[in-house]
Amino acid sequence: MTETGPIVAVYPGSFDPITLGHEDIARRTLRFADRLVVAVATTSSQPKKGLFSPDERVEMIREVFADEKRLEVDSFSGLLVEFARGIGAHFVIRGLRAVSDFDYELQMAQVNQELWPEIETLFLTPDVGYSFLSASIVREVASLGGDVSNFVSPQVATRLRERFEG
Ligand code: ADP
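The following refers to the structure shown. (Residues numbered from 1 in each chain as written. Predicted model: local features only at pLDDT ≥ 70, side-chain atom pairs only at ≥ 80, totals over all residues. Heavy atoms only, no water.)

## Observations regarding the pattern of salt bridges
Okay, so step 1: Considering all chains together, one arrives at twelve salt bridges under this definition.
Okay, so step 2: For Arg 163, the salt bridge is made with Glu 56, and the minimal N-O distance between the two is 2.6 Å. One end of the pair, Arg 163, is in helix H6 (residues 154-165); the other, Glu 56, is in helix H2 (residues 54-64), and 107 residues separate them in sequence.
Okay, so step 3: Since its relative accessible area comes to 32%, Arg 163 is described here as partly exposed.
Okay, so step 4: Between Glu 59 and Arg 159 there is a salt bridge, with its nearest N and O atoms 2.9 Å apart. In this pair, Glu 59 sits in helix H2 while Arg 159 sits in helix H6, placing the two residues 100 residues apart along the sequence.
Okay, so step 5: Each member of the salt-bridge network shares a partner with another, and the members are Asp 16, Arg 57 and Arg 139. (Salt bridge = Lys/Arg side-chain N within 4 Å of Asp/Glu carboxyl O. Helix = DSSP H or I, 4+ residues; strand = E, 2+ residues; numbered from the N terminus. Buried < 20%, exposed > 50% of the residue type's maximum accessible area, 1.4 Å probe, protein only.)

Set out below in structure tokens:
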């Protein structure tokens, strides 16, 4: 691993859509990373299940972080470690909300390390107020006409309204 030079981190996920919990994790990362790439994963075991297309998700994240010059947004398909290597990132950021996240996250971190030993996964916990929040809960509440303004940024809330009002 490079011992000097900028600290580049990648924060991968589905971000369908980005929530205040995701934003909190990204901002925490920028406290110690020089550059953060938020990476929308476009390959999923359930590719048809997305509410927003990968391009829409990328657009929303860009809108939300428009003022943050050290944060970039991209999408990737295939192996995360290959994407990380390609952008010069040695740190993968993941959020841990509760013990229920742990088994899967530990397994992914270990597999990624097996695939590319130089990669380190860092787990961050969000502000406790966001511990209950998931993109799936946001989708559910929005689909039922509920107010999501405490869960997502205004730009995202608007998109959700448009999506469900048709
Ligand atoms: P979700 O689980 O909300 O569908 P993703 O699959 O996009 O989100 O998750 C991307 C990463 O963000 C994962 O590491 C996940 O644990 C983390 N994450 C999601 N929601 C939160 C939250 N409210 N607080 C902290 N981390 C979160």
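## Looking at the environment of Leu 106
Okay, so step 1: Within the secondary structure, Leu 106 is located in helix H4 (residues 99-115).
Okay, so step 2: Once the C-alpha coordinates of Leu 106 and Phe 123 are considered, the two residues, 17 residues apart in sequence, prove to be 9.7 Å apart.

## As for the site of the ligand
Okay, so step 1: Surrounding the ligand, one finds 18 residues, the nearest of these being Tyr 11, Ser 14, Gly 95, Tyr 130 and Ala 135.
Okay, so step 2: A distance of 2.6 Å separates an oxygen atom of the ligand from a polar backbone atom of Gly 95.
Okay, so step 3: Within the backbone of Ala 135, one N or O atom sits 2.8 Å away from an oxygen atom of the ligand.
Okay, so step 4: Starting from 530 Å² of accessible surface for the ligand in isolation, the protein chains cover 90%.
Okay, so step 5: Elements that contribute at least two residues to the shell around the ligand include exactly strand S1 (8-13), helix H1 (20-29), strand S4 (91-95) and H4. (Near = heavy atom within 4 Å. Polar contact = N/O pair within 3.5 Å; in protein donor to acceptor, adjacent residues only side chain to side chain. Areas by Shrake-Rupley, 256 points an atom, 1.4 Å probe, with all protein chains shown as cover.)

Distances and angles like these do not, on their own, reveal function.
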